[in-house]
Amino acid sequence: MYEADTIVAQATPPGKGAVAIVRLSGPQALAIGYRLWRPLKSHTEPPKPRRLMLGEIRDPGSGRPLDRALAIFIPGPRSLTGEDVVELHCHGGPYLVRSVIGLALAAGARIAEPGEFSRRAFLNGRLDLAQAEAIADLVEARSEGALALAIGQLNGALSARIDSLRTELIQLRAHLEAEIDFADEEIALPSRREIAGTLEAVARSAAVLHDSFQRGRIIREGVRATIVGKPNAGKSSLFNLLLGSERAIVTAVPGTTRDTLEETLQLGPWTLSLTDTAGVRKARDEVEQLGVERTRSHASDAHLLIAVFDTSRPFEREDAEVIDLCQGRRAIATLNKIDLTERLGMADLRQRGLQIESVRVSARTADGIVELRDALACAVSEIAEKGPAGEDTAIISRERHQAALARTLEALGKARESVFSGMPPEIVAVDVTAATDALSEITGAVNTEDILDVIFREFCIGK
Ligand SMILES: Nc1nc2c(ncn2[C@@H]2O[C@H](COP(=O)(O)OP(=O)(O)OP(=O)(O)O)[C@@H](O)[C@H]2O)c(=O)[nH]1
Ligand SMILES: [Mg+2]
């Protein structure tokens with residue numbers, strides 16, 4: 001039923017613009033498109049595929065004209081979705097676009113679900129899953145690095161890597177199957193040691209990919225930095241100053257910020273995902289208690305802490321809690337309010353166990369903010385550049401990929417153990433299959449046919 005449907009949706013963002021594209025996909029795309037839109041008289045009918053043509057959109061019921069619009073017909077299977085696709089390039093008025101979509105619905109289309117064009121592209125073999133995800137990443141990309149990662153993935157960098165690992169495992173599985181089925185015959189099969197060697201090599205590559213997640217996630221989502229400090233230290237003031245906008249509420253009342261606030265900031269090629277938090281102290285009520293819990297959870301998840309201290313006040317118990325939060329973490333001590341008389345200096349903080357770099361600033365006068373930005377940029381590029389790099393290294397950037405690779409590695413580990421402990425090939429094959437299946441989840445590939453292909457091609461069985 002699903003595949004018989006023809007879907008319609010606006011492909012361009014909502015709102016006013018020069019052009020809006022209404023896209024139809026499915027078996028009835030051409031029939032529906034052609035009910036609403038006709039070429040101007042001078043053009044040939046029916047419309048030629050893959051060519052933009054000028055025409056007119058009319059209400060097929062009343063004959064009322066709605067717009068002059070370009071249309072293009074892309075027949076399946078060599079189209080975006082693998083199905084027949086029609087695009088109507090209308091003028092970009094929200095009411096007009098709604099009317100055109102309304103006519104398409106009346107003519108038998110239904111509204112597309114979110115992501116349904118890409119889903120159809122995947123089901124029809126136009127894209128694999130990793131590539132479909134790359135399209136979403138391309139749209140979401142907020143930095144040069146994120147864009148490069150997404151386009152690389154769309155062009156198949158990750159898929160090619162996964163496929164080459166799968167191919168090796170499928171080949172191995174084919175050898176194991178042959179060992180099971182033709183144990184008595186004279187076929188040159190790889191030794192146990194060779195099998196273990198292949199398993200190890202695949203596991204090494206899979207581990208490199210698995211470990212690239214940290215870097216990939218940073219490229220895609222940015223370095224996570226969390227501002228922590230006692231109430232009233234000036235966290236929200238610094239947050240606003242770094243963003244260049246009055247995003248967070250600032251007051252002289254300690255405990256102003258109650259929930260976490262997240263915004264992104266561009267630092268050179270990197271994206272910084274900056275979080276303002278509720279001040280750390282013994283909470284006075286339930287709302288604040290929840291806020292402080294959120295502060296702690298964000299702080300533990302951050303790559304970088306910006307620990308804010310109020311230099312105009314002597315050391316307090318809450319400052320000690322902030323020092324505790326920084327232990328063993330990448331953090332920058334930010335001594336704020338240097339426009340006021342100093343009652344707390346870095347020497348005091350060091351004495352109390354804070355061994356991190358420090359910057360002196362005033363969120364009120366913006367003194368020291370350039371130094372703070374520089375320190376942040378330095379820390380961010382160090383964090384972001386950790387891990388495997390290189391032009392042709394495929395990088396994963398989604399938890400889904402990492403989880404699949406973790407399962408692959410686990411299965412490969414079991415397979416290796418079985419080989420070493422002299423288990424029969426059937427047992428080894430079970431884990432090799434599990435590893436292949438886990439890898440296949442990343443690109444959405446299926447595998448039984450592939451194995452048969454290799455068996456027949458390599459061993460020429462039955463010939
Ligand atoms: N003189 C001076 N005052 C500052 C400076 N930074 C912040 N303040 C003031 O300190 C008070 C608290 O500032 P906030 O930015 O709300 O502090 P906070 O750390 O976010 O506080 P909570 O949200 O309550 O945890 C406000 O009155 C600010 O105007 C500074 O550098 N110098
Ligand atoms: Mg605040």
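Structural notes, computed from the coordinates.

Conventions we followed
- Residues numbered from 1 in each chain as written.
- Chains lettered and ligands numbered in written order.
- Predicted model: local features only at pLDDT ≥ 70, side-chain atom pairs only at ≥ 80, totals over all residues.
- Heavy atoms only, no water.
- Near = heavy atom within 4 Å.
- Polar contact = N/O pair within 3.5 Å; in protein donor to acceptor, adjacent residues only side chain to side chain.
- Areas by Shrake-Rupley, 256 points an atom, 1.4 Å probe, with all protein chains shown as cover.
- Helix = DSSP H or I, 4+ residues; strand = E, 2+ residues; numbered from the N terminus.
- Nonpolar A, V, L, I, M, F, W, Y, C, P; charged D, E, K, R; others polar.
- Salt bridge = Lys/Arg side-chain N within 4 Å of Asp/Glu carboxyl O.
- Patch = residues over 30% accessible without salt bridge, like charges linked within 9 Å, V, L, I, M, F, W, Y side chains within 5 Å.
- Buried < 20%, exposed > 50% of the residue type's maximum accessible area, 1.4 Å probe, protein only.
- Lys, Arg positive; Asp, Glu negative; His and termini not counted.
- Charge placed at Lys NZ, Arg CZ, Asp CG, Glu CD.
- 1 Å grid on protein atoms, 1.4 Å probe; cavity = no way out; pocket = protein on both sides within 12 Å on 5 of 7 lines; lining within 4 Å.
- Points joined across faces, edges and corners; volume = space filled by probe spheres on them.
- Contact = heavy atoms within 4.5 Å.
- Pairing = 2+ DSSP bridges.
- Phe/Tyr/Trp six-rings, centres within 6.5 Å; stacked < 30°, edge-to-face > 60°.
- Lys NZ or Arg CZ within 6 Å of the ring centre and 35° of its normal.

**Looking at the site of ligand 1**
Part 1 of the argument: Residues in contact with ligand 1 amount to 23 residues; listed here are only the nearest, K235, S237, G255, T256 and D339.
Part 2 of the argument: Measuring from an oxygen atom of ligand 1, one finds a backbone N or O atom of N232 at 3.0 Å.
Part 3 of the argument: In this structure, an oxygen atom belonging to ligand 1 sits 2.8 Å away from a main-chain N or O atom of A363.
Part 4 of the argument: Look at ligand 1: alone it shows 650 Å² of surface, and the protein chains cover 93% of it.
Part 5 of the argument: A per-element tally of the shell around ligand 1 places helix α9 (residues 235–243) first, with 3 residues.
Part 6 of the argument: Across the shell around ligand 1, the residue classes break down as 8 nonpolar, 11 polar and 4 charged.

**Focus on the pattern of salt bridges**
Part 1 of the argument: Across all of its chains, the model carries 31 salt bridges by this definition.
Part 2 of the argument: Two residues, R23 and E87, come together in a salt bridge whose shortest N-O distance is 3.0 Å. Taken together, the residues R23 in strand β2 (residues 17–25) and E87 in strand β6 (residues 85–92) connect sequence positions 64 residues apart.
Part 3 of the argument: For E382, the salt bridge goes to R330, with nearest N and O atoms at 2.5 Å.

**Brief notes about a nonpolar patch on the surface**
Part 1 of the argument: On the surface, L52, L54 and L70 cluster together into a nonpolar patch covering about 220 Å² of accessible area.
Part 2 of the argument: Here L70 lies in strand β5 (residues 65–74).
Part 3 of the argument: Relative accessible area serves as the criterion here: at 32%, L70 is assigned to the partly exposed category.

**A few points about a negative patch on the surface**
Part 1 of the argument: Where like charges cluster on the molecular surface, the negative patch consists of D339, D367, E371 and D374.
Part 2 of the argument: With respect to the helices and strands, D367 occurs in the loop between β13 (358–360) and α13 (369–385).
Part 3 of the argument: The exposure class assigned to D367 is partly exposed, which follows from its relative accessible area of 45%.

**Some remarks on empty space enclosed by the protein**
Part 1 of the argument: Considering all chains together, one arrives at 2 cavities of 30 Å³ or more under this definition.
Part 2 of the argument: In this model, the largest cavity occupies a volume close to 60 Å³.
Part 3 of the argument: In terms of lining residues, the largest cavity is bounded by L30, G33, Y34, W37, P47, A71, I72, F73, V86 and L88.
Part 4 of the argument: Sorting the residues of the lining of the largest cavity by element identifies α1 (29–36), β5 and β6 as the ones contributing at least two each.
Part 5 of the argument: Along the lines of polarity and charge, the residues of the lining of the largest cavity split into 9 nonpolar, 1 polar and no charged.

**Comments concerning the side chain of T295**
Part 1 of the argument: Note on placement: T295 falls in helix α10 (residues 286–301).
Part 2 of the argument: With near-sequence residues (within four places) excluded, T295 lies in contact with V228, T277, A278 and V280.

**Here's the deal with the pairing of strand β8 (residues 223–229)**
Part 1 of the argument: Most of β8 is tucked away, with 7 of its 7 residues classed as buried.
Part 2 of the argument: Across 4 bridges, β8 lies against strand β10 (residues 270–276) in parallel orientation. Bridge pairing in β10 places T226 opposite T275.
Part 3 of the argument: Sheet topology note: the β8/strand β11 (residues 304–310) ladder contains 5 bridges and is parallel. Counted as the bridge partner of A225 is L304 from β11.

**Focus: the packing of aromatic side chains**
The geometry of an aromatic ring pair comes down to the distance between the two centres and the angle between the two planes.
Part 1 of the argument: On inspection of all chains with the given rule, the structure shows 0 aromatic pairs.
Part 2 of the argument: A cation sits over an aromatic face here: R23 above F117, 5.8 Å from the ring centre.
Part 3 of the argument: For the cation-ring pair, R352 lies above F315, with the distance from its terminal atom to the ring centre recorded as 3.9 Å.

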